[in-house]
Amino acid sequence: MKVDLHTHTTASDGLLAPADLVARARGAGVDVLAITDHDTVAGIAPGLAAAQDMRIIPGIELSTTWRNIGIHVLGLNIDIEQRTLLDGVAAQQAARAERAELIAKRLSRLGYTDTLAGAQDIAGTAAVGRPHFARFLVDSGQVKDVSTAFRRLLGRGKPGDVRNTWAALPEVIGWIRAAGGVAVLAHPAKYKLTNLKLTELAREFSAAGGTGMEVVSGTQQPSLTSRLARLAQREGLLASAGSDFHRPGEHWAEIGSAPALPADCAPIWSTWQD
Ligand code: MN
Ligand code: MN
Ligand code: MN
């Protein structure tokens, strides 16, 4: 059985519409596909409509902070109409919108014009983020290229580098559980934590009600996979696997291309089989 439990669509920052994502997953031989857009469930219904015989797991990727570090948590097998989850998602979206307004305000003080509307245009249905501001500044001729926009205006420590205030880790785990889902710590190696800190994160995640951890994220090194598999086992977390697919052409995150879980892992999907 081929499983991919971490993918994005145009509902957040992915390039493919949900139906196109499902078609691509079918072409790659995926049997079970989770759609996990950032802080939205808008891609789930159209994905389900295109599913045919493929099993679609309704999911979400929620941003949160732990010790001032941005951490991503997947909610898998969620009820996308559950009130607590939807209220939480609305709060995350409001936080994103407030941040975009603040970025625009700071840019306008520096003389850059119409940036909020421009960034919103480029973002379309997705939440506005710094890359959208960068592209608008370039498209409107206010900055010469995207890397200059980040270096002068939007990158770390620059006026447009506005920190987001996300809900805390136990809170987002609570929303996922309220919606009947399982919380999975996304791509643990991406946070560049020391071994000790990563162990502490996994332990606190588990203690707060987290169920699983991505032991496989994209086409990663086998040595990392076995390290994460051991960590998951030690901390009592089930193993998940996903590509984190955003767009075609990124071979390290192609749908269905993530390696299989090591044989001794307890897969998170074993808890869902009817
Ligand atoms: Mn993303
Ligand atoms: Mn992520
Ligand atoms: Mn992701």
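Rules and cut-offs
- Residues numbered from 1 in each chain as written.
- Chains lettered and ligands numbered in written order.
- Predicted model: local features only at pLDDT ≥ 70, side-chain atom pairs only at ≥ 80, totals over all residues.
- Heavy atoms only, no water.
- Donors = N, O, S within 2.8 Å, 3.2 Å for Na, K, Ca; no water.
- Helix = DSSP H or I, 4+ residues; strand = E, 2+ residues; numbered from the N terminus.
- Buried < 20%, exposed > 50% of the residue type's maximum accessible area, 1.4 Å probe, protein only.
- Expected span 1.5 Å × (residues − 1).
- Arc of directions from axis to C-beta.
- Contact = heavy atoms within 4.5 Å.
- Pairing = 2+ DSSP bridges.
- Right-handed = clockwise from strand over helix to strand, strands pointing away.
- Axes fitted to C-alpha atoms, helices over the stretch in contact; angles between N-to-C directions.
- Left-handed = near helix turned anticlockwise from the far one by under 90°.
- Nonpolar A, V, L, I, M, F, W, Y, C, P; charged D, E, K, R; others polar.

Draft legend 1. Geometry of the coordination of the manganese ion (ligand 1). Distances from the manganese ion (ligand 1) to its protein donors, Asp13 (OD), His38 (NE2) and His246 (NE2), fall at 2.1 to 2.2 Å. On the primary sequence, the residues serving as donors to the manganese ion (ligand 1) are separated as D-x24-H-x207-H. A spacing of 5.6 Å is found between the manganese ion (ligand 1) and the manganese ion (ligand 2). Pair noted here: His38 is in the loop between β2 (32–35) and α2 (44–49) and His246 is in the segment after β7 (238–242), with a separation of 208 residues, a long-range link. Each of the two residues, His38 as well as His246, counts as buried.

Draft legend 2. Focus on helix α8 (residues 195–207). Its 13 residues give α8 an end-to-end C-alpha distance of 18 Å, which sits within 8% of 18 Å, the value for a rise of 1.5 Å per residue. Among all positions of α8, only Leu198, Thr199, Leu201, Ala202 and Phe205 are buried. Looking straight down α8, one finds that the buried residues subtend no more than 160° of arc, so they occupy a single side. Seen from the buried face of α8, the exposed residues on the opposite side, beyond 90 degrees, are Leu196 and Ala207. Buried positions along α8 lie against β3 (55–66), β4 (69–76), α7 (169–178), β5 (182–185), β6 (212–217) and α9 (222–234).

Draft legend 3. Layout of the coordination of the manganese ion (ligand 2). Within the protein, Glu61 (OE), His72 (ND1) and His187 (NE2) serve as the donor atoms for the manganese ion (ligand 2), at 2.1 to 2.2 Å. Relative accessible area serves as the criterion here: at 21%, His72 is assigned to the partly exposed category.

Draft legend 4. Highlighting helix α1 (residues 18–27). Of the residues making up α1, those classed as buried are Pro18, Leu21, Val22 and Ala25. Around the axis of α1, the buried residues are gathered within 100° of arc, so they sit on the same side. Buried residues along α1 sit in contact with β2, α2 and β3. One or two steps after α1, the chain reaches Gly29, where phi turns positive at roughly 80°.

Draft legend 5. A look at the pairing of β2. Burial along β2 is two-sided: the face carrying Val32 and Ala34 and the face carrying Leu33 and Ile35 are both buried. Note that strand β1 (residues 3–4) and β2 share two bridges and pair parallel. Considered in β2, the bridge of Val3 is made with Val32. Where the polypeptide runs from β1 across α1 and back to β2, its parallel neighbour, the crossover connection is right-handed. Inspection of the sheet shows β2 paired to β3 by four bridges, in the parallel sense. Paired with Ile35 across the strands is Pro58, a residue of β3.

Draft legend 6. Broad picture of the packing of helix α3 (residues 83–109) against helix α5 (residues 130–139). Axis separation between α3 and α5 bottoms out at 11 Å; the angle between their running directions is 35°. Two packed elements cross with a definite hand, and for α3 against α5 that hand is right-handed. Residues Arg99, Ala100, Ile103, Ala104 and Leu107 of α3 touch α5, and the partners they reach there are Arg130, Phe133 and Leu137. Each residue belonging to the contact of α3 with α5 can be placed in one class, and the counts come to six nonpolar, no polar and two charged.

Draft legend 7. View of the pairing of β7. β7 sits mainly inside the fold: four of its five residues count as buried. As defined by bridge partners, β6 adjoins β7 across five bridges and the pair is classed as parallel. Pairing of Met213 across the sheet is with Ala239, part of β7.

Draft legend 8. Spatial organisation of the sheet that holds β3. Spatially, the seven strands line up as an open sheet ordered β1-β2-β3-β4-β5-β6-β7, and their pairing is mixed. Single-partner strands in this sheet number two, and they are β1 and β7. Bridging between β5 and β6 involves two bridges; their strand directions are parallel. Counted as the bridge partner of Leu185 is Met213 from β6.

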